[in-house]
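Here's the letter readout for the chains.
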Amino acid sequence: MKYGILIVSHSANIAKGVKDLIAQAAPNLSITIAGGTEDGGIGSSLEKIQQAVDDNKGDEILAFYDLGSSKMNLEMLLEMIDRTIHKYDVALVEGAYTAATLAEVDSPLTTIEDNLKSLKIK
Amino acid sequence: MKLELVDAKKWITLFVEKLESNQTILNELDTAIGDGDHGTNMKRGAEAVTAALEKKEPETLADLYKTTAFAMIQKVGGASGPLYGTAFLDMSKAVKNDDLELSDLIQIGTDGLKRRGESDTGMKTMIDVWQPVSDALKADKFDQSVIDAALENVKGLVATKGRASYLEEKSKGHIDPGAQSSAYLFESLIEVLGE
């Protein structure tokens, strides 16, 4: 698969919920998630994000996040690894859903990004 | 002026001690303008730093700062994890140059904070402590008064970055918790330099 989806949230339940939602629209995509801290609390864990990136089977990863430290941890990881990860500052649920739906039918990145533009909120 | 390994270790150790003993104060500051967990988060980070340094004694300055960075990144959980983590990681890379002055080291850490937080001075963040300290070190005028003045300035600012920015004018009059934990970092540095 050309693209995989990565969901990073402060909450494990949000991450899982978003995955459940978009997996229905994109059953063939690799969707991996990093939610909450290592001890199950609310927060962001670089290790969890790293694991979710490692587990993702996409050639390139489309990454979506919710709050500030998810974004900072994601950016920190981007500086540390070689994989191609596209990070989008868009509404998490709508953005991930849009990207997953389009990636599922092998839409090119330009199409996916065009559709994400109107969802940019941060 | 440069900080040698033995002094740098003391610096980090003192910082960790201050984070652990001031957990409640940091939580209270964060409760006023944030989500109330900065003290708890930083204490968790502090314990991770201590554990990592005990597990493997750092042999170089780069090792020391890198170990500190990774413990913070992995265990803090809140936004201060990637922020402190980036500052120390950048410092760890830079310190491989033997000629690096302490003032340059702190400026590199400050620049890391600005990059990671997409922020700058005047936004009521930890940068409002790091940058004045860095400037004072460059001018060879670094002492407690620099930190006190920085915190006083932070108190009067309206937050325009981070969660406190949602409070707008109401954030005025409170010390930013990240600025306070940064003050502990640099008060630790003064203790080391003063010896």
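Throughout this description, residue numbers start from 1 for each chain and increase along the sequence as written. Naming scheme: in the order in which they are written, chains are lettered from A and ligands are numbered from 1. pLDDT decides what is reported in this predicted model: residues at 70 or higher carry local features, side-chain atom pairs at 80 or more are listed and counted, and totals for whole chains, interfaces and linings draw on all residues regardless. The basis for the side-chain values is all heavy atoms of the structure; hydrogens and waters are excluded.

Peer 1: Before we move on, could you go through the UniProt feature "domain: PTS EIIA type-4" (unreviewed entry) in chain A and cite the residues and values that matter?
Peer 2: UniProt positions are given in the numbering used here, feature names are shortened, and annotations may be inferred rather than shown by experiment. Within this structure's numbering, the places UniProt gives as "domain: PTS EIIA type-4" (unreviewed entry) are residues 2-122 of chain A. Strands are runs of DSSP state E lasting at least two residues, helices are runs of H or I lasting at least four, and both sets are numbered from the N terminus onward. In residues 2-122 of chain A, the share of helix is 48% and the share of strand is 18%. The end C-alpha atoms are 26 Å apart.

Peer 1: Run through helix 2 (residues 46-55) of chain A, naming residues and quoting values.
Peer 2: For helix 2 of chain A, every residue scored as buried is listed here: L46(A), I49(A), A52(A) and V53(A). Viewed end-on, helix 2 of chain A has its buried residues packed into an arc of 125 degrees, placing them on one side of the element. Whether two residues touch is decided by their heavy atoms; if any such pair falls within 4.5 Å, the residues are in contact. Each element contacted by the buried residues of helix 2 of chain A is listed here: strand 1 (3-9), strand 2 (31-35), strand 3 (60-65), helix 3 (68-80) and strand 4 (85-88) of chain A together with helix 4 (61-75) of chain B. Relative accessibility under 20% of the residue-type maximum defines a buried residue, over 50% an exposed one, and the middle range a partly exposed one, all with a 1.4 Å probe and only protein chains included. The directions considered for the arc are those from the helix axis to the C-beta atoms.

Peer 1: Tell me about the UniProt feature "domain: DhaL" (unreviewed entry) in chain B, and please be specific about residues and values.
Peer 2: The sites that carry the UniProt feature "domain: DhaL" (unreviewed entry) are, in the present numbering, residues 6-191 of chain B. As annotated, residues 6-191 of chain B comprises 70% helix and 0% strand, and the C-alpha atoms at either end are separated by 13 Å.

Peer 1: Tell me about empty space enclosed by the protein, and name the residues and values.
Peer 2: Whether a set of points on the 1 Å grid over the protein atoms alone is a cavity depends on a 1.4 Å probe fitting there but being unable to get out, while an open set qualifies as a pocket with protein on both sides within 12 Å along at least five of seven lines; lining residues are those with an atom within 4 Å of a point. Grid points are joined across faces, edges and corners, and a volume is the space filled by probe spheres set on the points. With the rule as written, the count across this model stands at 1 cavity of 30 Å³ or more. Of the voids in this model, the largest cavity is the one considered here, and its volume is about 40 Å³. If you go around the largest cavity, the residues you meet are M76(A), E79(A), M80(A), T86(B), L89(B), D90(B), K93(B), R115(B) and R116(B). Within the residue set of the lining of the largest cavity, elements represented by two or more residues are helix 3 of chain A together with helix 5 (80-94) and helix 6 (102-117) of chain B. No other element matches the 4 residues that helix 5 of chain B contributes to the lining of the largest cavity. Its residues placed into classes, the lining of the largest cavity shows 3 nonpolar, 1 polar and 5 charged. Throughout this entry, Asp, Glu, Lys and Arg are counted as charged residues, while Ala, Val, Leu, Ile, Met, Phe, Trp, Tyr, Cys and Pro are counted as nonpolar. The remaining residues, Gly among them, count as polar.

Peer 1: For the side chain of S80(B), give the residues involved together with the corresponding values.
Peer 2: Residue position: S80(B) is located in helix 5. Not counting chain neighbours up to four residues away, the residues in contact with S80(B) comprise H38(B), M42(B) and G85(B).

Peer 1: Break down helix 8 (residues 144-156) of chain B for me, with residues and values.
Peer 2: Residue and element names in this part refer to chain B. A helix is expected to reach a length of 1.5 Å times the quantity of its residues less one. Across its 13 residues, helix 8 extends 19 Å between first and last C-alpha, which sits within 8% of the 18 Å expected from 1.5 Å per residue. Along helix 8, the positions that sit buried rather than exposed are V146, I147, A150, L151 and V154. Seen end-on, helix 8 carries its buried residues on one side only, within an arc spanning 130 degrees. Elements that come into contact with the buried residues of helix 8 comprise helix 7 (127-138) and helix 9 (177-193).

Peer 1: Summarise the environment of D90(B); cite the residues concerned and give the values.
Peer 2: Residue and element names in this part refer to chain B. Along the chain, D90 turns up in helix 5. Take D90: its relative accessible area is 13%, and that puts it in the buried class. With 23 residues separating them in the primary sequence, D90 and L113 have C-alpha atoms 9.5 Å apart. Excluding anything up to four places from it in sequence, D90 contacts I108, G112 and R115.

Peer 1: Give a description of the side chain of E60(A) that names residues and reports values.
Peer 2: Residue and element names in this part refer to chain A. Tracing the backbone shows E60 in strand 3. We classify E60 as buried; its relative accessible area is 18%. A polar atom in the side chain of E60 sits 2.7 Å from the side chain of H86. Here E60 is in contact with K2, Y3, G4, T84 and H86, once residues within four sequence places are set aside. Under this definition, polar contacts are N or O atom pairs within 3.5 Å; protein pairs additionally need one hydrogen-donor-capable and one acceptor-capable atom, and for neighbouring residues in sequence, both atoms have to be side-chain atoms.

Peer 1: Please provide a residue-by-residue account of the interface of chain A and chain B, values included.
Peer 2: Taken together, the contact between chain A and chain B spans 15 residues of the former and 17 residues of the latter. Both faces considered, chain A and chain B share a buried interface measuring about 1300 Å² in area, 52% of it formed by carbon and sulfur atoms. The largest share of the area that chain A buries against chain B comes from M72(A), M76(A) and E79(A), three residues that together contribute 40% of it. A side-chain nitrogen of Lys or Arg and a carboxyl oxygen of Asp or Glu constitute a salt bridge if their distance falls within 4 Å. At the surface where chain A touches chain B, the tally comes to 4 salt bridges. Of the charged contacts, one joins E118(B) and K71(A) as a salt bridge, the two residues approaching to 3.1 Å between their closest N and O atoms. Counting every contact that joins chain A to chain B gives 4 residue pairs in polar contact (both at pLDDT 80 or more). If you list the elements that add at least two residues to the side of chain A that touches chain B, you get helix 2 and helix 3 of chain A. Tallying contributions element by element places helix 3 of chain A first for the side of chain A that touches chain B, with 8 residues. Throughout, buried area stands for the accessible area (probe radius 1.4 Å) lost by two parts on being put together, summed over both.

Peer 1: Describe the packing of aromatic side chains, with residues and values.
Peer 2: The geometry of two aromatic rings is summed up by the distance between their centres and the angle between their planes. Pairing of aromatic rings covers Phe, Tyr and Trp, the last through its six-membered ring, and needs centres within 6.5 Å; plane angles under 30 degrees mean stacked, over 60 mean edge-to-face, and all others mean tilted. For the structure on display, the rule yields 6 aromatic pairs over all chains. Centroid distance W11(B) to Y65(B): 6.2 Å. Interplanar angle 80 degrees. Geometry classified as edge-to-face. Within this pair, whereas W11(B) is found in helix 1 (residues 5-21), its partner Y65(B) is found in helix 4, the two being separated by 54 residues in sequence. Assessed through its relative accessible area of 0%, W11(B) is described here as buried. With a centroid separation of 6.2 Å and an interplanar angle of 45 degrees, the aromatic rings of W11(B) and F88(B) are classed as tilted. One end of the pair, W11(B), is in helix 1; the other, F88(B), is in helix 5, with 77 residues separating them in the sequence. The two residues W11(B) and F88(B) agree in class, both being buried. Note on geometry: a ring has a charge over it if NZ (lysine) or CZ (arginine) is within 6 Å of the ring centre and within 35 degrees of the ring normal. Positioned above the aromatic ring of Y65(A), the side-chain terminus of K122(A) is 4.2 Å from the ring centre.

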